[in-house]
Amino acid sequence: MTSVDGAGDDASSASVRAAIAASTTAEFTTVRDGRQATVPVTPTYDPASECVVVSCAPAFAEKAARAAATPTVGLLLHGPDGPRHVTGTATVRDDDLEANAHRLRRLFEAEPPSEKRTAMLDAASVLQSRLGLLLLDWYGLRILIEIAPERIDRLDRTGTGRVEAWPAADVDAGEAARYDRLVATAVDADGRPRTWPVDGFDLHEDALALSPPPAVSLDDGQPICVLCHWHSAALDDLGQRVVRGRVRTVGGVPCVVPGSTTRWRNVTALDALRFVVDGKRRTRRYFRARGETYRIVPRALLRRHPF
């Protein structure tokens, strides 16, 4: 374990545990073939394994597959005394997805009272209702990713979270106004991802200024991932946009020039319907690849609520 700018900090320290508990969302980064992918996740802590734990549904198993293929991962936490960046080694647990869901709930139950804890336990209760089991049983199944920290950096910036219209990334003013988090991720020379909050929103023509911390060195042509996202306290209204591009120095300032951009949101009833239909389709594909069968009407629903 190495601690930088925070001597004595490790995953079990009070300050890091507070950052985990305060992070309704954190930014999780995996790397494959030198390219990074950053997504929002909700972390928790397992004192038995001394690991930070994040998860995904089997419909969105790609992040777990990337972590299994390249276990060096990053996680940006947002604590009451500022952000902390965790670099560590990931272990993917996907043998029993129902048992994983129960374990995850116990870990959230053990956290101190907070908006995040309330949101996660309320969501778990909804998933166990009759309607939840019928529509979102696939989302209640969990692949766990345990992160054994190797380095924890305390960052001296929180970022403004401000996003403005960015035509080159297909972001208009209406969409931009919803975002309250803006982060960027680069991969260092050792293959480790580094994510930081972006200070301000400054465009140089079509390129966004990145404001990297002193420890991050950026070279022209280097791949960069920018993530904008928002969420409500109950996590029932949320959205994100991922912008992938490359570094270009403009007037001595390192910027990202967008190459591709992807948006996802869950705001309207139509968004929710698409989420359910796409989730079930992706889940069938996941189990088919494992040589297993996914039941459209889950066994848990038939046991608890027989028709």
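Above this text sits the structure in question.
Residues numbered from 1 in each chain as written. Predicted model: local features only at pLDDT ≥ 70, side-chain atom pairs only at ≥ 80, totals over all residues. Heavy atoms only, no water.

A. Main features of the overall build of the protein. Each helix and strand counted, the protein has 8 helices and 15 strands in total. For the protein, the spread of C-alpha atoms along the principal axes amounts to about 65 × 45 × 35 Å. Taking as baseline every contact in the protein between residues at least 6 positions apart, the subset at least 24 positions apart corresponds to 67%. Within the structure as shown, the protein displays about 14100 Å² of accessible surface, and the carbon and sulfur contribution to it stands at 52%. The average position of the 40 basic charges and that of the 40 acidic charges among the side chains of the protein differ by 8 Å. (Helix = DSSP H or I, 4+ residues; strand = E, 2+ residues; numbered from the N terminus. Contact = heavy atoms within 4.5 Å. Areas by Shrake-Rupley, 256 points an atom, 1.4 Å probe, with all protein chains shown as cover. Lys, Arg positive; Asp, Glu negative; His and termini not counted. Charge placed at Lys NZ, Arg CZ, Asp CG, Glu CD.)

B. Fine view of the pattern of salt bridges. All chains considered together, the criterion is met by 24 salt bridges. One salt bridge connects Asp156 with Arg157, and the closest N-O pair in it is separated by 3.8 Å. Residue Arg157 is classed as buried on the basis of its relative accessible area of 14%. (Salt bridge = Lys/Arg side-chain N within 4 Å of Asp/Glu carboxyl O. Buried < 20%, exposed > 50% of the residue type's maximum accessible area, 1.4 Å probe, protein only.)

C. Looking closely at the packing of aromatic side chains. Considering all chains together, one arrives at 10 aromatic pairs under this definition. Between Arg142 and the ring centre of Tyr139, over which it is positioned, the NZ or CZ distance is 4.6 Å. (Phe/Tyr/Trp six-rings, centres within 6.5 Å; stacked < 30°, edge-to-face > 60°. Lys NZ or Arg CZ within 6 Å of the ring centre and 35° of its normal.)

D. Examining the packing of helix H5 (residues 130–140) against helix H7 (residues 269–289) more closely. At a minimum axis separation of 9 Å, H5 and H7 run at an interaxial angle of 55 degrees. When the axes of H5 and H7 are compared, the pair comes out oblique. As H5 packs across H7, the resulting crossing turns out to be left-handed. Every residue of H7 that contacts H5 at Leu134, Leu135, Leu136, Asp137, Trp138 and Tyr139 is listed here: Phe275, Val276, Gly279, Lys280 and Thr283. Of the residues in the contact of H5 with H7, the class split is 7 nonpolar, 2 polar and 2 charged. (Axes fitted to C-alpha atoms, helices over the stretch in contact; angles between N-to-C directions. Parallel < 35°, antiparallel > 145°, perpendicular 65-115°, else oblique. Left-handed = near helix turned anticlockwise from the far one by under 90°. Nonpolar A, V, L, I, M, F, W, Y, C, P; charged D, E, K, R; others polar.)

E. Structural context of the nonpolar core. Among the nonpolar cores identified, the biggest contains 31 residues, and Phe28, Val54, Leu75, Leu77, Ile143, Ile145 and Ile147 are the most heavily contacted of them. Elements supplying a minimum of two residues to this core: helix H1 (14–22), strand E2 (26–32), strand E5 (51–56), helix H2 (62–69), strand E6 (72–79), strand E7 (82–93), strand E8 (143–154) and H7. Judged by nonpolar contacts, the second largest core, of 29 residues, contains Leu76, Val216, Leu227 and Val243. (Core = buried A, V, L, I, M, F, W, Y, C linked by side-chain atoms within 4.5 Å.)

F. Fine view of the pairing of strand E13 (residues 223–231). The element E13 is largely enclosed, with a buried count of 9 among its 9 residues. Of the two faces of E13, both are covered, the one formed by Pro223, Cys225, Leu227, His229 and His231 as well as the one formed by Ile224, Val226, Cys228 and Trp230. Of the strand pairs in this sheet, strand E9 (residues 181–187) and E13 are connected by 5 bridges, and their pairing is antiparallel. Looking at the pairing, Arg181 lines up with His229 of E13. Sheet analysis places E13 next to strand E14 (residues 238–250), joined by 9 bridges and oriented antiparallel. Bridging from a neighbouring strand, Leu227 pairs with Val242 of E14. Hairpin connection from E13 to E14: 6 residues lie between these consecutive antiparallel strands, with Leu235 at a positive phi of about 60 degrees. (Pairing = 2+ DSSP bridges.)

G. The sheet that holds strand E11 (residues 203–204), seen in detail. Here 7 strands make up an open sheet; going across it, the order is E10-E9-E13-E14-E15-E12-E11 and the pairing antiparallel. Both edges of this open sheet fall to strand E10 (193–197) and E11, since each of them pairs with a single strand only. Across 2 bridges, the pairing between strand E12 (residues 207–209) and strand E15 (residues 253–266) is antiparallel. By the bridge assignment, Ala209 is partnered in E15 with Cys255.

H. Local environment of a nonpolar patch on the surface. Side chains of Leu131, Leu134 and Leu135 sit close together on the surface and give an oily, nonpolar patch of about 250 Å² of accessible area. Within the element layout of this structure, Leu134 appears in helix H5. Look at Leu134 and you get partly exposed, because its relative accessible area is 33%. (Patch = residues over 30% accessible without salt bridge, like charges linked within 9 Å, V, L, I, M, F, W, Y side chains within 5 Å.)

I. Summary view of unusual backbone geometry. One non-glycine residue with positive phi stands out, namely Asp33, at about 55 degrees. Note that Asp33 resides in the loop between E2 and strand E3 (35–41). For Asp33, a relative accessible area of 76% puts it in the exposed group.

J. The pairing of E2, seen in detail. Burial of E2 is extensive: 6 of the 7 residues sit out of reach of the surface. Sheet analysis places E2 next to E3, joined by 7 bridges and oriented antiparallel. From the neighbouring strand, Glu27 faces E3, where its bridge partner is Pro40.

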